[in-house]
Amino acid sequence: FVEFAISELEAQRKAYPTDIRAIAFLATIYASARQPEQSLRVANDALALSPNRQQFYFIQAENYLNLNQGDKAIEVLRKARDLAPEYIEATTNLATVLILAGKDGEAEALLEKQYGMKFMADAHYAQAYTQRGELDKAAIVWKLLVDESPNSAENHANYGAVLARLGRNTEAIHEIEE
């Protein structure tokens, strides 16, 4: 199916070279098909047509991450955020990649500047801190998520799991039972 979709979208791209939605879809399909170089090529072409469309910077960043080029991902996410700092997804993407890159201080400064706090109730941040083994910070974010959505069993379970990994077993059991 993916090969067929790529073939059809490439044909449509030749017939309608300025159809930005088709180009976006093609870049996304290439990324999903684990063809980051092709996806980058298409995203770059799209940015040449529409340089202010943040979506293409997000696609570029995803591909750079898949190519283990985190610094380039950060660079394009900074550009995307600079286009419209009020766009929440741009800040979220940049902060998440900064955390994954071990640049917690930059991520926290960005969040503090944008929202007035270093830690936000956002699962992306919690997962990024957890992935990096920054469990104290992950616990802070999961606690914020639990406080924000006290009926979320998933948030309680994730918070409890992080607490358990920190050796805070009594608190962990309480959260998981919650």
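What you see is a predicted model; the values in this text were computed from it and never measured.

Thoughts on the overall build of the chain
In terms of regular secondary structure, the chain is built from 11 helices and 0 strands. Principal-axis analysis of the C-alpha atoms gives the chain an extent of 65 × 35 × 30 Å. Going through the 178 residues of the chain one by one, you find that 42% of them count as buried. Working note: accessible area of the chain is about 9900 Å², and carbon and sulfur atoms make up 50% of it. Seen as two clouds, the 18 positive and the 26 negative side-chain charges of the chain have centres 6 Å apart.

Structural notes on the pattern of salt bridges
Scanning the entire structure with this criterion turns up 12 salt bridges. In this structure, the salt-bridge partner of Glu10 is Arg13, at a minimum N-O distance of 3.9 Å. A residue pair is termed a helical-turn pair when its members lie 3 or 4 positions apart in one helix, as Glu10 and Arg13 do in helix α1 (residues 2-15) at 3 residues. In this structure Arg13 comes out as buried when scored by relative accessible area, which is 15%. For Glu10, a relative accessible area of 19% translates into the label buried. Linked by salt bridges that have partners in common, Asp104, Glu108, Arg132, Glu134 and Lys137 make up one network.

A look at helix α9 (residues 135-148)
The first and last C-alpha atoms of α9 sit 19 Å apart over 14 residues, in line with the 20 Å expected at 1.5 Å per residue. Buried within α9 are the following residues: Leu135, Ala138, Ala139, Val141, Trp142, Leu145 and Val146. Where α9 is buried, its residues meet α8 (123-132), α10 (153-165) and α11 (169-177).

Quick word on the nonpolar core
Counting residues in each nonpolar core, the largest one holds 52 residues, and the members touching the most others are Phe56, Tyr125, Tyr129, Val141 and Trp142. Sort the elements by how many residues they give to this core and helix α2 (residues 20-32) lands first, with 8 residues. Ignoring anything within four residues of it in the chain, the contact list for Phe56 reads Ile20, Ala24, Ala43, Ala46, Leu47 and Ser50.

Considering unusual backbone geometry
A positive phi angle, close to 60°, is found at Arg34, a residue other than glycine. Along the polypeptide, Arg34 turns up in the loop between α2 and α3 (36-49). With phi around 60°, Asn68 is a residue other than glycine that occupies positive phi space.

Side note on the confidence of the model for the chain
When pLDDT is averaged along the chain, the result is 93, and 100% of the positions lie at 70 or above. α1 is the least confidently modelled element of the chain, averaging 86 in pLDDT, while α9 averages 97, the highest of any element.

Focus on the packing of helix α6 (residues 88-100) against α8
Two numbers describe a pair of packed helices, the interaxial angle and the distance between the axes. At a minimum axis distance of 9 Å, the contact between α6 and α8 shows a crossing angle of 10°. Between α6 and α8, the angle falls in the class roughly parallel. Taken together, the residues of α8 that come into contact with α6 (itself represented by Thr91, Thr92, Ala95, Thr96, Ile99 and Leu100) are His124, Tyr125, Ala128, Tyr129, Gln131 and Arg132. Partitioned by chemical class, the residues of the contact of α6 with α8 number 6 nonpolar, 5 polar and 1 charged.

Considering α10
Along its 13 residues, α10 runs 18 Å from first to last C-alpha, staying within 8% of the 18 Å computed at 1.5 Å per residue. Buried within α10 we find Asn155, His156, Tyr159, Gly160, Val162 and Leu163. For α10, the arc enclosing every buried residue in end-on projection is 165°, short of the 170-degree limit, so these residues lie on one face. In this structure, α10 carries Ala153, Glu154 and Arg165 as exposed residues pointing more than 90 degrees from its buried face.

Calculation criteria
Residues numbered from 1 in each chain as written. Predicted model: local features only at pLDDT ≥ 70, side-chain atom pairs only at ≥ 80, totals over all residues. Heavy atoms only, no water. Helix = DSSP H or I, 4+ residues; strand = E, 2+ residues; numbered from the N terminus. Buried < 20%, exposed > 50% of the residue type's maximum accessible area, 1.4 Å probe, protein only. Areas by Shrake-Rupley, 256 points an atom, 1.4 Å probe, with all protein chains shown as cover. Lys, Arg positive; Asp, Glu negative; His and termini not counted. Charge placed at Lys NZ, Arg CZ, Asp CG, Glu CD. Salt bridge = Lys/Arg side-chain N within 4 Å of Asp/Glu carboxyl O. Expected span 1.5 Å × (residues − 1). Contact = heavy atoms within 4.5 Å. Core = buried A, V, L, I, M, F, W, Y, C linked by side-chain atoms within 4.5 Å. pLDDT = per-residue confidence, 0-100. Axes fitted to C-alpha atoms, helices over the stretch in contact; angles between N-to-C directions. Parallel < 35°, antiparallel > 145°, perpendicular 65-115°, else oblique. Nonpolar A, V, L, I, M, F, W, Y, C, P; charged D, E, K, R; others polar. Arc of directions from axis to C-beta.

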